[in-house]
Amino acid sequence: VYKRQTLITDSDAGFMFSDPSPDGMTLSTNTTEGGILFKLSQPYSAQTAWSFPRDSQDRKFAPLDWSADGRQILGFFYAPGATDSVTALYNLDSEAYEMAPADVGGQGQSFLGTDHRLVWAEGSKVIVHDLRMGETRELLSTAPDLAAWPMLGPDGKTLYFVQRSASADIHLLVAEDPS
């Protein structure tokens, strides 16, 4: 049931997608002007949007997903009109970016249950990268269909993703932590 609506900004910047922090107190969102954070614990009159800093090449950062501990934000750098992007992690404690390895990319990057594994879709493949081990592996293939936007469910075991096909099926994968 819809209870109330709270205005968090009256910006003219187009909002593309948003993601609440694990504690629900901060909202990361991507706009046409780049990524921003809102402290939802503050009343509207006290809120100000905090913009993610641009990188050394003046590219904007688009936040995608929060780490489980809420201390890092996974996203990507992009330049208006460019077709490529670079995956990065923003550390809220150090206020610095860490560039992801070059083989991390694709569509819909997100954390996979822990703060050191990333998952994304690339063509017909769902791929996992372990930041600690430096290893990348194919988790599954949806060939000949395309995979998109993999996301771990709230139970920490179910991986949801879009499989682009004529049948429009929804597939679930139970992910087990090998450690």
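This text follows the structure it describes.
Since the structure is predicted, the reported quantities are computational estimates derived from the model, not experimental observations.

Q: Sorry, what's going on with the pairing of strand β12 (residues 135–141) here?
A: The two faces of a sheet get side chains in turn, since along a regular strand they alternate between them. Strand direction decides the pairing type here: strand β11 (residues 125–130) and β12, joined by six bridges, are antiparallel. Bridge pairing in β12 places Val126 opposite Leu140. Hairpin connection between β11 and β12: a loop of four residues separates the two successive antiparallel strands, and Gly134 in this loop has a positive phi of roughly 70°.

Q: How should the environment of Thr29 be read in this particular structure?
A: Along the chain, Thr29 turns up in strand β2 (residues 26–31). Taking C-alpha positions, Thr29 is 6.5 Å from Pro63, a pair spaced 34 residues apart along the chain. Engagement of the side chain of Thr29 in a polar contact is seen with the side chain of Ser18, the distance being 2.7 Å.

Q: Sorry if this is basic, but what is going on with the sheet that holds β11 here?
A: Strands belonging to one sheet form pairs held by backbone hydrogen bonds; the direction of such a pair is parallel or antiparallel. Taken together, the four strands give an open sheet; going across it, the order is β9-β10-β11-β12, and neighbouring strands pair in antiparallel fashion. Two strands lie at the open edges of the sheet, namely β9 (107–111) and β12, each paired on one side alone. Adjacent strand axes in the sheet meet at a mean angle of 20°, parallel and antiparallel pairs treated alike. Sheet topology note: the strand β10 (residues 117–122)/β11 ladder contains six bridges and is antiparallel. The residue of β11 that forms the bridge with Arg117 is Asp130.

Q: Sorry if this is basic, but what is going on with the pattern of salt bridges here?
A: Pairing between side chains becomes possible if they bear opposite charge and their charged atoms approach one another. Tallied over the full model, the rule gives four salt bridges. For Arg71, the salt bridge identified is with Asp93, shortest N-O distance 2.6 Å. Taken together, the positions of Arg71 in the loop between β5 (60–66) and β6 (72–78) and Asp93 in the loop between β7 (86–91) and β8 (96–99) put the pair 22 residues apart, joining distant regions of the chain. Judged by its relative accessible area of 44%, Arg71 falls in the partly exposed class. The partner of Glu138 in a salt bridge is Lys125, with the nearest N and O atoms 3.9 Å apart. Residue Glu138 is found in strand β12, and its partner Lys125 is found in strand β11; the two are separated by 13 residues along the sequence. On the basis of relative accessibility, which here comes to 37%, the residue Lys125 falls in the partly exposed class.

Q: For this particular structure, what's the right way to read the sheet that holds β5?
A: In spatial order, the strands read β5-β6-β7-β8; together these four strands make up an open sheet with antiparallel pairing. Looking at which strands have only one partner, the edges of the open sheet turn out to be β5 and β8. Sheet twist, expressed as the mean angle between neighbouring strand axes with direction ignored, is 35°. Pairing between β5 and β6: six bridges, direction antiparallel. Bridging across to β6, Ala62 finds its partner in Phe76.

About the thresholds
- Residues numbered from 1 in each chain as written.
- Predicted model: local features only at pLDDT ≥ 70, side-chain atom pairs only at ≥ 80, totals over all residues.
- Heavy atoms only, no water.
- Pairing = 2+ DSSP bridges.
- Helix = DSSP H or I, 4+ residues; strand = E, 2+ residues; numbered from the N terminus.
- Polar contact = N/O pair within 3.5 Å; in protein donor to acceptor, adjacent residues only side chain to side chain.
- Axes fitted to C-alpha atoms, helices over the stretch in contact; angles between N-to-C directions.
- Salt bridge = Lys/Arg side-chain N within 4 Å of Asp/Glu carboxyl O.
- Buried < 20%, exposed > 50% of the residue type's maximum accessible area, 1.4 Å probe, protein only.

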